[in-house]
Each structure stands twice: as C-alpha cells, then as structure tokens.
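For reference, the chains in residue letters:
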Amino acid sequence: HIINIIDTPGHVDFTIEVERCLRVLDGVVAVFCAVGGVEPQSETVWRQANRYRIPRLAFVNKMDRIGASFQRCLDQIESRLGALPVAITLPVGSEDKFAGVIDLIEQELLTFDDGSKGQEVRRSAIPASLQEESSAARMALIEKLADFDESVMEKFLNDQEITPGEIKSALRKATLDLNLVPVLCGSAFKNKGVQPLLDAIAWYLP
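The rules behind each value
Residues numbered from 1 in each chain as written. Predicted model: local features only at pLDDT ≥ 70, side-chain atom pairs only at ≥ 80, totals over all residues. Heavy atoms only, no water. Helix = DSSP H or I, 4+ residues; strand = E, 2+ residues; numbered from the N terminus. Contact = heavy atoms within 4.5 Å. Areas by Shrake-Rupley, 256 points an atom, 1.4 Å probe, with all protein chains shown as cover. Lys, Arg positive; Asp, Glu negative; His and termini not counted. Charge placed at Lys NZ, Arg CZ, Asp CG, Glu CD. Pairing = 2+ DSSP bridges. Axes fitted to C-alpha atoms, helices over the stretch in contact; angles between N-to-C directions.

Asks: Go over the overall build of the chain with me, naming the residues and quoting the values.
Replies: Of the regular secondary structure elements, the chain holds seven helices and eight strands. Relative to all contacts within the chain whose residues are 6 or more apart in sequence, the contacts with residues 24 or more apart total 67%. When the accessible surface of the chain is split by element, carbon and sulfur atoms take 51% of a total near 11100 Å². Here the chain contributes 22 positive and 30 negative side-chain charges, whose respective centroids are spaced 6 Å apart.

Below you can see the structure in the form of structure tokens.
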C-alpha cells in the first residue's frame, strides 16, 4: 500500500489550511494526546471532518507520558466529539511502564524491540494477568459492531465464534459509513503502536 500523508498544523490559525486539505482527503487519522485528551482545536477539526463526511481513525499518542490515560481519551471522544469510539488495541501499562499493546482483533500481545527502535514487532500470547481486561474490551468491540452488522449480530446472539476476518470486514464497513471510529494507542516517539496504526489505515480507510 502507498499512503500519502497530508499533515496540517493543529493551531487555530491554520483552520483554513485544514479545510482545504479535508476536501481532498480519503480518510483522517486524528491524533490525541493521552495526557491532554480532546483539546478545543481537535473539536474544530473533527467538526470539519464531519462536514465533509470523512471516515477516520483515532490514535491516542504519548502513552509513555506521566498522566497518560487511554480510557479518559475514549470517554472524551464520545462525550466531546459525539463519536462512537471503539478500541481495537489496548495499552499494556502506561507512563514509564508502557510496554506494548494488545491487538484485540487477533488477540495477541504486541511488543516493540527497543534495539531496532520499534522496527521489530514481536507477537505473543496475551498474559493471564491481562486476559480478563482484553476479553471484556473485545466483547465491547463485538457488541458495538453487532449494532451495524447483521451477520456479527447473529453470531453474537448465538454465541458463535466470530473470526478476525469477519470483525475486520464489519469494522471497515462501519468505519466507512461513519458509524464507528476505531481507536488505537501507542507512543510515536518510541515507535510503539505505530505499526498496528499503519495496518489499520490499510484495512479500514478507503
């Protein structure tokens, strides 16, 4: 996949430039600070994206910073932006204990090699201590998808296994229809969690 990135300044002085860019974009990655959450200018840009009906993903960055909270960002995306966010990765730890992310769709733990500056991604089983939290988050993802996809709803109601492929397909449609916003997390500075974001751009945006 070739991904062309148009990066616009977040400052209010550049509102017109953002407006121009939004007219030609296929999709948006909205980046939020895990400490600051949804800031006023983020709300302005989000409303602009609503006007042009652009599908979007959200990335909660700076999970390694003091005061980082993934859940608070999710709550603010819902309450302040009026969106329906759905986590597709979960942080493992936060602040100086941020160690990686859990891929809720594939049900794997992703860690990022410091020696290669995150280039090497290691996939492993989710530790027992995180199983309960990740299972609950995956169930919340499937429940939200069921509202917009009949086949997922049917399998969910009949307690049938829903494959990662089925989840991705349903999530792509819900994202393109502007029903859901997939949310990922990480630390761009340390190149942790960025790789799943790039995959998500290829999977869920036009």
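Still to come is the rest of the account.
Asks: Now, about the sheet that holds strand β5 (residues 100–103): what can you tell me, with residues and values included?
Replies: What the four strands build is an open sheet, ordered β4-β5-β6-β7; its pairing is antiparallel. Strands with a single pairing partner mark the edges of an open sheet, and in this sheet they are β4 (89–92) and β7 (121–124). Pairwise comparison of adjacent strand axes, ignoring direction, gives a mean angle of 30 degrees for this sheet. Relative to strand β6 (residues 108–112), β5 runs antiparallel, the two being bridged by four bridges. Counted as the bridge partner of Gly 100 is Thr 111 from β6. Where helix α7 (residues 194–204) meets the sheet, it contacts β4, β5, β6 and β7, and its direction lies at approximately 120 degrees from that of β6.

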